[in-house]
There are 2 protein chains.
Amino acid sequence: MKQVIVVRSDLKLGKGKLAAHVSHASLAGYKLVKEKEPEFVDEWEREGEKKIVVKVEGERELFELYEKVKKESPCVIIKDAGFTQIPPGTVTCLVVGPWKDEEVDKFTKDLKLL
Amino acid sequence: MKQVIVVRSDLKLGKGKLAAHVSHASLAGYKLVKEKEPEFVDEWEREGEKKIVVKVEGERELFELYEKVKKESPCVIIKDAGFTQIPPGTVTCLVVGPWKDEEVDKFTKDLKLL
């Protein structure tokens, strides 16, 4: 089991802001799967809550990935709430899972680590 | 309401690893407060899940802060699970809350943003 968070590298967020956005995404994925398939969250927790942060170049790539992933794995697109310098509503990340390795890997394994 | 994640700047984690550790901390704080005082989590969510990432210079500073904070606010010390280059068991962050602004601010407001 793993959770993958895909971030837009073109936004050039600072380390702290980036970490806050990734945390927001991670929590959104956790809540989604906890609500729909809690046994998958339990297994992910038992295995140590593996999280991997990868990147895409921009918004278009993020949405293309989302369209593919959402047919097979639980995922959420994250928009900025307006607390940062970027315009409110800016899409910053996509979170996939926590979910089965093979299904998450299918669309994310070739993305570069952030 | 806010959640503050305090990270050790001396570990010099890369952006992606750092974001994964901060996410782990954020989720740990969420689960702790959700279990003990769920109405505080609800309020934090209604307000947009504010998260702030700050830094301290090393392990000693992190533990000193923890000793002070834990008397007043829910908080968790986060250890590395061993998935990264740093030795397993290394203490990486402290998460405080989500909790009341004034109580979180009391010990964290003077820390530098990451």
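Here, every reference points to the structure presented above.
Residues numbered from 1 in each chain as written. Chains lettered and ligands numbered in written order. Predicted model: local features only at pLDDT ≥ 70, side-chain atom pairs only at ≥ 80, totals over all residues. Heavy atoms only, no water.

**A look at a positive patch on the surface**
Next up, step 1: On the surface, Lys12, Lys55 and Lys112 of chain A together with Lys15 of chain B cluster together to form a positively charged patch.
Next up, step 2: Among the residues examined, Lys12 of chain A registers a relative accessible area of 70% and is labelled exposed. (Patch = residues over 30% accessible without salt bridge, like charges linked within 9 Å, V, L, I, M, F, W, Y side chains within 5 Å. Areas by Shrake-Rupley, 256 points an atom, 1.4 Å probe, with all protein chains shown as cover. Salt bridge = Lys/Arg side-chain N within 4 Å of Asp/Glu carboxyl O. Lys, Arg positive; Asp, Glu negative; His and termini not counted. Charge placed at Lys NZ, Arg CZ, Asp CG, Glu CD. Buried < 20%, exposed > 50% of the residue type's maximum accessible area, 1.4 Å probe, protein only.)

**Focus: the relation of the copies chain B and chain A**
Next up, step 1: The operation relating chain B to chain A is a screw motion whose rotation component is 180°, with 0.0 Å of axial translation and a residual RMSD of 0.0 Å. A rotation of that kind, with that shift, is consistent with a two-fold axis. (Least-squares fit on C-alpha atoms with pLDDT ≥ 70 in both.)

**What about the sheet that holds strand 1 (residues 2-8) of chain A?**
Residue and element names in this part refer to chain A.
Next up, step 1: Pairing within the open sheet is mixed, and its five strands lie in the order 3-4-1-2-5. Each edge of the sheet is formed by a strand with only one pairing partner; in this case those strands are strand 3 (75-79) and strand 5 (112-113).
Next up, step 2: Alignment of strand 1 against strand 4 (residues 91-99), held across five bridges, turns out to be antiparallel. Within the sheet, the bridge partner assigned to Lys2 lies in strand 4 and is Trp99.
Next up, step 3: Packing against the sheet, helix 1 (residues 15-36) makes contact with strand 1, strand 2 (51-56), strand 3 and strand 4, and its axis sits at approximately 40° to strand 4.
Next up, step 4: Its contacts with the sheet place helix 3 (residues 59-69) against strand 1, strand 2, strand 3 and strand 4, and it is angled at close to 25° to strand 4. (Pairing = 2+ DSSP bridges. Helix = DSSP H or I, 4+ residues; strand = E, 2+ residues; numbered from the N terminus. Contact = heavy atoms within 4.5 Å. Axes fitted to C-alpha atoms, helices over the stretch in contact; angles between N-to-C directions.)

**A short note on the sheet that holds strand 2 (residues 51-56) of chain B**
Residues and elements named next belong to chain B.
Next up, step 1: Spatially, five strands are ordered 3-4-1-2-5 in an open sheet, and the strand pairing comes out mixed. Each end of this open sheet is capped by a strand with a single partner; those strands are strand 3 (75-79) and strand 5 (112-113).
Next up, step 2: Pairing analysis gives six bridges linking strand 1 (residues 2-8) to strand 2, with the strands arranged parallel. The partner of Val6 across the bridge, within strand 2, is Val54.
Next up, step 3: Contacts between helix 1 (residues 15-36) and the sheet are confined to strand 1, strand 2, strand 3 and strand 4 (91-99), with strand 4 contributing the most and set at about 40° to the helix.

**Observations regarding the state of the cysteines**
Residues and elements named next belong to chain A.
Next up, step 1: Applying the stated criterion across every chain, the model contains zero disulfides over all chains.
Next up, step 2: The thiol of Cys75 is unpaired, and the distance to the nearest cysteine sulfur, on Cys93, comes to 13 Å.
Next up, step 3: Judged by relative accessible area, which is 12%, Cys75 ranks as buried. (Disulfide = S-S within 2.5 Å.)

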